[in-house]
Amino acid sequence: MNSSPNEVVLGDVLRLALPLGTTLRARGGDSRRSVKWVTLLTDRTRLAQEVNAADIVIYPPVLRDSADDDAFQADIEALAHQEAAALIVFGTLNDRDVKTATAVKLPVLEVTPTANLRDTHKDIAALLLDHQSQLSTRGMELYRDLSKMSRDGLGLRPMAELMAKLTEKLVVIQDKRLEVVAIAWPSNSFPVDEQSLFAALGDQDNLPAVLRNRKAAAKSSRSHWQQLIFPNHDIARLVTPIISGDRARGYLSIIGPAGELDMLDTMVIENGAMACALEMAKAKAVSEARKSLRGNFLEGLLAGTLPKREIERLSARLDHDTAVPHSVLAIAWDDDDALSLRRIETTLNWLLSTNNRPTLVHVYGDDHICVFQTLRTNEDLGISHRLVRRLSEQLQVEYPDRYIIAGISGPAYNLNEWPEVHNEATQALEVGKRLQLRDSVEFNSLGVYRLLGQLDGIPAVHTFTDRVIGPLVEYDRRHRSNLVNTIAAYFGHHGNVSQTAEALFIHRNTLLYRLDRIQELTGHDLDQADMRLALHLALKLWQLRPEKTNEP
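Keep in mind that this is a model prediction, so the values were computed, not measured.

In terms of helices and strands, the chain carries 21 helices and 15 strands. Scaling as 2.2 N^0.38, a compact globule of 552 residues should have a C-alpha radius of gyration of about 24 Å, whereas the chain reaches 36 Å, well beyond that. With the C-alpha coordinates of the chain rotated into their principal frame, the extents come out at 120 × 60 × 40 Å. Buried positions account for 47% of the 552 residues belonging to the chain. Across the chain, the fraction of contacts at a sequence separation of at least 24, relative to all contacts at a separation of at least 6, is 63%. Accessible area for the chain stands at about 27700 Å²; split by element, carbon and sulfur atoms hold 48% of it.

Here it is, written out as structure tokens:
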């Protein structure tokens, strides 16, 4: 770091005044050596008179062309003797020149041959005269360059590389979930391995407390935070939220030795975050537009309102191979009054971002999430069950008191089969909701529920259910007992008294008493097959009711 706020060091000149693309070819000592002035060498023979200690010396191309190799090397040695801060040349040094400059510890900066000599001299002088003003100018230039990259569609990776080149430090861009979306390593060695770095950056506890809440981060009056992230290596970072709208959409970090994070890094991170916000907002807008086109097509397809010819014409909107088998999933919260489905969609898309299996995700009419997952030849639906388990586990981390239910069906072998298979998946979802399964329910495993679900709206069926199960519900309400759960467990264990008692954590005699009471209230003898079947069907029909009340 600079010894005083007004002191300019060689690193400042390199990063704040010289054209992008300038390289420090012969390091020749500490890049933090002080620079007092800039000298444009006009006469080689007057080098001793024109150059003072701590000058940064510009060696014009015309002088370089007039000096042979031996003369140029003599000049390098003479500048080192004069204690010049550094030498600036236009073009590339040969290996012999680099070796000589390194030996005498004279830093040499190679500026691109197309750079303007006068502008280079003027920019260095301006930096020396007004450090803060030049810093602001450089910031505006950086923002302009990064914004142009975004407009040109280059993406975040080249933007990170430009910031890394300017700061000579590691630059990392993360999304809102702390996934690294772009990273650019500095040209010099970095003492921390990539795996350790990703683990540290991916841990939300390592973020400053205010940045862990994305809305709070957007409202904070601070622009950046500095923290030590690898104390053993004395590695620190500047971190700032990438703000779009009312919340942080991601995070930008500049990482390097703790003692070398300076004003330039602060300028880069502040201007870089604004440019990254534009890029992220643009990417989100493009994504939303594509999603809208895809969603409109899927809504029409699944609703059965699109003619076959229209389906063929518009299928390209999916940007997805529909000629291979797919499973179809319908996913929703178990509670209709729960959080927005967009929460599920966001987490699901994050899980799928690390999966190379093509999958389509769509929020269907604010009712459930549709997932169309590619299946490989002869693959069963186990892959879809595993996806639901992963999603459920992740949502439990994010929303501990919330649960999801998923209906699964398939395979659908072509696009025309998607509506039917989707309908099957939603039927399975509905059964899962009514039975409060909090799991994935496969349509092919519904068994008798596929038939019973179609009887739900028939008045005679409701009357039958109320007459058989109603007395048990009423008894449970009045006596705070569990006769309905008891008969459900009894049927669930195939009438095995010992297993049922164990599952309910009650004594066998207690269970036998409850079964007698159930037979008395319902008028159904469990020893008679027809009556046992009728009671079992009535129970299943009651379980399938959308609203199960204590007063049927």
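Okay, the layout of surface pockets next. In this model, the largest pocket occupies a volume close to 2100 Å³. Along the wall of the largest pocket there are 50 residues; nearest its centre are Asp175, Lys176, Lys284, Thr346 and Asn349. Secondary structure elements with two or more residues in the lining of the largest pocket: strand 7 (180-184), helix 10 (214-219), strand 10 (247-257), helix 11 (263-303), helix 13 (341-352) and strand 12 (359-364). In terms of residue count, the dominant contributor to the lining of the largest pocket is helix 11 (ten residues). Classifying every residue of the lining of the largest pocket gives 16 nonpolar, 13 polar and 21 charged.

A separate point is helix 8 (residues 156-167). Between the first and last C-alpha of helix 8 there are 17 Å, a value that for twelve residues agrees with the 16 Å anticipated at 1.5 Å per step. For helix 8, the complete set of buried residues consists of Leu156, Met159, Ala160, Leu162, Met163, Ala164, Leu166 and Thr167. Elements that come into contact with the buried residues of helix 8 comprise helix 1 (10-17), helix 7 (131-151), strand 6 (170-175), strand 7, strand 10 and helix 11.

Here we take up unusual backbone geometry. Backbone torsion omega between Gly410 and Pro411 reads 0 degrees, so that peptide bond is classified as cis. Residue placement: Pro411 occurs in strand 14 (residues 404-412). Even without a glycine there, the phi angle at Ala54 is positive, about 70 degrees. Even without being glycine, Arg480 reaches a positive phi, approximately 50 degrees. By the element assignment, Arg480 lies in the loop between helix 17 (459-479) and helix 18 (483-492). Arg480 sits in the exposed class, given a relative accessible area of 78%.

Take the sheet that holds strand 12 next. One open sheet holds the five strands; their spatial order is 12-13-11-14-15, and the pairing between them is mixed. Looking along the sheet, the strands with just one partner apiece sit at the ends: strand 12 and strand 15 (440-442). The average undirected angle you get between the axes of adjacent strands in this sheet is 20 degrees. Relative to strand 13 (residues 368-374), strand 11 (residues 326-333) is paired through six bridges, and the arrangement is antiparallel. Residue pairing in the sheet places Leu329 in a bridge with Val371 of strand 13. Where helix 13 meets the sheet, it contacts strand 11, strand 12, strand 13 and strand 14, and its direction lies at approximately 175 degrees from that of strand 12. Against the sheet, helix 14 (residues 382-398) touches strand 11, strand 13, strand 14 and strand 15, its axis set at about 160 degrees to strand 14.

Turning our attention to the sheet that holds strand 2 (residues 37-40). An order of 1-5-4-3-2 is seen for the five strands of this open sheet, with the pairing classed as mixed. Of all strands in the sheet, those with a lone pairing partner are strand 1 (23-26) and strand 2, marking the two edges. Averaged over all adjacent pairs, the angle separating strand axes in this sheet is 30 degrees, with direction ignored. In this structure, strand 2 lies alongside strand 3 (residues 55-59), joined through four bridges in parallel fashion. Counted as the bridge partner of Thr39 is Val57 from strand 3. With respect to the sheet, helix 4 (residues 69-81) is in contact with strand 3 and strand 4 (86-90), its orientation differing from that of strand 4 by roughly 150 degrees. In this fold helix 6 (residues 117-129) packs onto strand 2, strand 3 and strand 4, with an angle of close to 160 degrees to the strand it touches most, strand 2.

About the thresholds
- Residues numbered from 1 in each chain as written.
- Predicted model: local features only at pLDDT ≥ 70, side-chain atom pairs only at ≥ 80, totals over all residues.
- Heavy atoms only, no water.
- Helix = DSSP H or I, 4+ residues; strand = E, 2+ residues; numbered from the N terminus.
- Rg over C-alpha atoms; globule rule 2.2 N^0.38 Å.
- Buried < 20%, exposed > 50% of the residue type's maximum accessible area, 1.4 Å probe, protein only.
- Contact = heavy atoms within 4.5 Å.
- Areas by Shrake-Rupley, 256 points an atom, 1.4 Å probe, with all protein chains shown as cover.
- 1 Å grid on protein atoms, 1.4 Å probe; cavity = no way out; pocket = protein on both sides within 12 Å on 5 of 7 lines; lining within 4 Å.
- Points joined across faces, edges and corners; volume = space filled by probe spheres on them.
- Nonpolar A, V, L, I, M, F, W, Y, C, P; charged D, E, K, R; others polar.
- Expected span 1.5 Å × (residues − 1).
- Pairing = 2+ DSSP bridges.
- Axes fitted to C-alpha atoms, helices over the stretch in contact; angles between N-to-C directions.

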